[in-house]
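Chain and residue survey
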Amino acid sequence: MTAFRFRLGLALAFVVSLPAAALEQTVQSVSRSDNSLTLSTDKGMVRVRFLNPESVEVFYQPTGLAQLDSFALIGGGFTGTTVLKERTGSLDFSTTELKVRIDKAPLRIRFEKDGKTLLAENGGLQMAGSSRGFNFALQPQEKLMGTGQRVLGMDRRGHKLPLYNKASYGYTTKAEQMYYSLPAVVSSNKYLLLFDNTASGEVDLGKTDANTLSFSAVDGRTAYVVVAGDTYPEILANYTAVTGRQPLPPRWALGNFASRFGYRNDAEVRATAAKFKQTGFPVDALILDLYWFGPDIKGHMGNLAWDKKAFPDPEGLIADLKKDGINTILITEPFILTSSKRWNEAVAAGAIAPGPDGKPKTFDFYFGNTGLVDVFNPKAQDWFWGIYRGLKKQGVAGWWGDLGEPEVHPGDTRHLIGSGDALHNAYGHQWAKMVYENALKDTPDERPFNMMRSGFAGSQRYGMMPWTGDVSREWNGLKPQVELALQMGLLGLAYTHSDLGGFAGGEKFDAEMYIRWLQYGVFQPVYRPHAQDHIPSEPVFHDAAVQDVLRPFVNLRYRLLPYNYTLAYQNSMTGMPLMRPLFFSDESKPALIDNAQTYFWGDAFLVTPVTEPGMSAVPVDVPKGVWFDYWNGTRIIGGKRVDVPVSLKTIPVLVKAGSFVPMAAENMSNTTQYDSAKLQLHYYADASVKSATGVMYDDDGKDPQALASGRFERLDFSAKQRGKSLSITFQRQGDFAGKPKTRAIELVVHNWPAPAKRIQADGKAVADSRYDQAARSLHIPLNWTAERLELSLH
């Protein structure tokens, strides 16, 4: 969404920084239970609990202080070996990878790995009235990433930032507070620190005291989690192991979305779908913004039922779209206006969060006078989900949850389990949980689609696909998008994406800016142009010149489906984001952390969006090794900054030597036409790469239990090159309903100097290969049926 406006909230949560004092404690006794240590102190208890060999939770429980359960952590715990060593005045509690050192009087905790201090408390739990938090010592030269959606640069040390999810309408190149804050940092010293608290708060990353990192909140849980690892991907894997991993999305979610604010009636929707077909642009989903439940922006939120004047036959419309391979997604919001058709129903069901007087709390915001669904209350969830269930029966394929910060959230709201202030940052998380778990329960054979604007640490486990909100429709809106996606991906939210083309404002269509944003979108997790509709967001409504530039890019998005779907698989298995920061390439160089322009799309691609008008070349910091310009095959030696030439038809996209890139063999109108039995497999050969490996993941595209139940196929590729000889091994394992018995593969070997003299597959000569002299590529047709295939060429 949302409308032409600046967002004004009733309670914007101004956090008062109080001079907190350490709650000095002395350990009086110690008890141990497998992976957990309980310290009884003169002020209460402290639990130190290993969650895995490199992740540990510290939970302070002062006597008489009410505590919420963790929203961030999943159930279960570490069942491996821990060792406790007691000394006079101190304890060491450790796994083979991480040691917790505890001083008893006063209580102080620090964390060590490989004999070096990772992190140390600076005073333990801090208390001042109802405010509570923690201080930690920072080391010189330490860089700090994280804290969620902000536009500040990758290293956020030196800032003091609110921890309060809040809309940031029309933001550009600086934003300290946005839709999705996260109370967590990732340090260049190789640890991740999560303040497991959902309340209104703040994080001070060395602004007040250059040597101190502090978290504080007005209420909530007094716990934190430390995660270590030898590499950043290991840290992320350990973190997502304890906060949950993103489930595989439905395969169609990696396609193109038709979306705007908004389609106003049945005829407009049908005309849009027809325009995609007419202009030859593939599309997999169409999103209906708030006009599906009312004719105007204001006054109708909470109806959550079709406006039958505009949409007289929604079931027929949805069915007709589905016949063309287009899935219908509806926007929903958790606000029920007192003027809506469901207000009395919601009140009667006990669905509206009460105020201090126990009555349904109402307040004014942009859309009207409203109440807020109490998603923490099972009765409210049952009522709310009942509406979703009815819409699902009509054929709706996915959900778009908007305004879930919540956009306005009075602090004195009395949710079932706590106040608005205490639970604010968990609201979107709980809403996402409700939608995801109920969707799976009602339709266990389908993967839910769950796009939401706001959440908490761990929301990825509910299939959340966040977007970066109502960005300004201008070049300065495009510039921060890589930073935003990378920062969120470092904390598990790997499907963070932007409204392609920009959302807010823009009085005149800027074709070049629009093209550059949609070109970048091919290499971001969700391809979804969306904007206020005075300028069309969809490429199909622009002129032929714009369409002719963008059509090959949208087709490329679809051709990359096997590669992109494999990135989704890797993310679900390990937490590895689809968009990966440049510093993953050389962790010995902290300066790379500051690069927020260039990123990896998976292992193979290096991408740099064009964010300035009129560019003929873009400077790219190319990592060490050999790279190829994707568009023309130019060989580039990395380890330096390179000016990569561009035209309006290209952005800097480089492919790493030794990469395998599986692609669909043909263009398609939508993912229903995807056929993994027909593939192109691109291998980027280079004499500098003696051996290389690659992988492709395949399943039916919709089974929620594909990974857990082993209903998938994994295709592995390995290459060995010696001079002018190249051998490639193809290995397939696994099974699922619909798995191709045979795959017709066109193997494309790039950077090959001449036609091959001899090509053999399993010892038999391969005919019909061809050599493209201009592209220096060798094209080899293969039929792959057996579990293993050996190919050699000389």
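These figures come from a predicted structure and were not determined experimentally.

Conventions we followed
Residues numbered from 1 in each chain as written. Predicted model: local features only at pLDDT ≥ 70, side-chain atom pairs only at ≥ 80, totals over all residues. Heavy atoms only, no water. Helix = DSSP H or I, 4+ residues; strand = E, 2+ residues; numbered from the N terminus. Rg over C-alpha atoms; globule rule 2.2 N^0.38 Å. Buried < 20%, exposed > 50% of the residue type's maximum accessible area, 1.4 Å probe, protein only. Pairing = 2+ DSSP bridges. Contact = heavy atoms within 4.5 Å. Axes fitted to C-alpha atoms, helices over the stretch in contact; angles between N-to-C directions. pLDDT = per-residue confidence, 0-100. Parallel < 35°, antiparallel > 145°, perpendicular 65-115°, else oblique. Left-handed = near helix turned anticlockwise from the far one by under 90°.

Details of the overall build of the protein chain
For the protein chain, the helix and strand inventory stands at 12 helices and 47 strands. Here the C-alpha atoms of the protein chain give a radius of gyration of 27 Å, agreeing with the 28 Å that 2.2 N^0.38 yields for 794 residues. Projected onto its principal axes, the C-alpha positions of the protein chain cover 80 × 70 × 50 Å. Buried residues in the protein chain amount to 62% of all 794 residues.

Some thoughts on the sheet that holds strand S25 (residues 398-401)
Read from one edge to the other, the open sheet built from five strands follows the order S19-S20-S21-S25-S28, with strand pairing classed as parallel. One side of each edge strand has no neighbouring strand; the edge strands of this open sheet are strand S19 (257-258) and strand S28 (450-452). Alignment of strand S20 (residues 285-288) against strand S21 (residues 327-332), held across four bridges, turns out to be parallel. By the bridge assignment, Leu286 is partnered in S21 with Thr328. Where helix H5 (residues 378-393) meets the sheet, its contacts fall on S21 and S25, and the angle it forms with S25 comes to roughly 140°.

A word on the pairing of strand S17 (residues 212-217)
Most of S17 sits out of view: five of its six residues are buried. In the sheet, strand S11 (residues 131-137) pairs with S17 via six bridges, with the strands oriented antiparallel. Across the sheet, the residue bridging to Gly133 is Ser216, located in S17. Pairing of strand S16 (residues 201-205) with S17, which is carried by five bridges, proceeds in the antiparallel orientation. From the neighbouring strand, Gly201 faces S17, where its bridge partner is Ala217. Taken together, S16 and the strand that follows it, S17, pair antiparallel across an intervening segment of six residues, in which Gly206 is found at a positive phi of about 85°.

Section: the environment of Val396
Turning to its location among the elements, Val396 is positioned in the loop between H5 and S25. Taking relative accessible area as the criterion, Val396 reaches 0% and is therefore assigned buried. C-alpha separation for the pair Val396 and Glu97, spaced 299 residues apart in sequence, amounts to 47 Å.

Examining the confidence of the model for the protein chain
For the protein chain, per-residue confidence averages 96 on the pLDDT scale, and 97% of positions sit at 70 or higher. pLDDT under 50 marks residues 2-18. Its contacts with residues more than four places away, or in other chains, come to 53 contacts.

Observations regarding unusual backbone geometry
Among all residues save glycine, negative phi is the norm, and among peptide bonds the norm is trans. Residue Ala105 is joined to Pro106 through a cis peptide bond whose omega torsion reads -10°. In this chain, Phe261 is followed by Gly262 through a cis amide linkage whose omega measures -10°. The phi torsion at Leu304 lies on the positive side, around 45°, for a residue other than glycine. Judged by relative accessible area, which is 3%, Leu304 ranks as buried. A positive phi angle, close to 55°, is found at Arg776, a residue other than glycine. Residue position: Arg776 is located in the loop between strand S45 (770-772) and strand S46 (777-784). What makes Arg776 partly exposed here is its relative accessible area of 35%.

With respect to the packing of H5 against helix H7 (residues 427-442)
As a packed pair, H5 and H7 sit with axes 11 Å apart at the nearest point and diverge in direction by 55°. The angle between H5 and H7 falls in the class oblique. When you trace H5 past H7, the crossing you get is right-handed. Each of Gln381, Phe384, Trp385, Tyr388 and Arg389 in H5 lies in contact with H7, whose residues at this interface are Gln430, Trp431, Met434, Val435, Asn438, Ala439 and Asp442.

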